[in-house]
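Structure at a glance
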Amino acid sequence: MSDTAPEPGTGPGTETAPETVPEEQEREPEHDPAAPAPLGVPRTPTGNAEADALLDRLADADHLATDGHVEVYEDVHRGLRDALTALDARPGPPVPPASHQHRS
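What counts and how
Residues numbered from 1 in each chain as written. Predicted model: local features only at pLDDT ≥ 70, side-chain atom pairs only at ≥ 80, totals over all residues. Heavy atoms only, no water. Helix = DSSP H or I, 4+ residues; strand = E, 2+ residues; numbered from the N terminus. Buried < 20%, exposed > 50% of the residue type's maximum accessible area, 1.4 Å probe, protein only. Contact = heavy atoms within 4.5 Å. Areas by Shrake-Rupley, 256 points an atom, 1.4 Å probe, with all protein chains shown as cover. Salt bridge = Lys/Arg side-chain N within 4 Å of Asp/Glu carboxyl O. Expected span 1.5 Å × (residues − 1).

Considerations on the overall build of the chain
If you tally the helices and strands in the chain, you get two helices and zero strands. Among the 104 residues that make up the chain, the fraction classed as buried is 12%. Excluding contacts between residues fewer than 6 apart, the proportion of contacts in the chain whose partners are at least 24 apart in sequence is 36%. Here the chain has roughly 9,900 Å² of accessible surface; of this, 55% comes from carbon and sulfur atoms.

Quick notes on the pattern of salt bridges
In this structure the tally under the stated criterion is three salt bridges. Where Asp60 meets Arg57, a salt bridge forms, and the shortest distance between an N and an O atom there is 2.7 Å. Looking at Asp60, the relative accessible area reads 37%, which means it is partly exposed. Its relative accessible area of 24% is what places Arg57 among the partly exposed residues. In this structure, a network of salt bridges that share partners links the residues Arg57, Asp60, Asp75 and Arg78.

Remarks on helix α2 (residues 66–89)
Here α2 spans 35 Å end to end across 24 residues, near enough to the 34 Å set by a 1.5 Å rise per residue. Those residues of α2 that sit buried are Gly68, His69, Val72, Val76, Gly79 and Ala83. Packing partners of the buried residues in α2 comprise α1 (49–57).

If you want it as structure tokens, here you go:
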């Protein structure tokens, strides 16, 4: 016989379960609601390569914090404005010659 008493819960007939970590406490990637997240706004192609490239640039804002969006939006706005201004500067179709109707 032993002079030491068994520790409570370790005697015969008592089994201890191995330590388990609840599933909620397992290491999962934490969701940070303040982290940048794509907005998922669809962009429909316009058919104009320059405008489409500028609109695709909007996707850059998806990975930036909110304070970085302004720079992207202003850049896209400036590019679209410049593209529209360039349309006004292009020469249009030639103007037909004025016909002079001479009345005598």
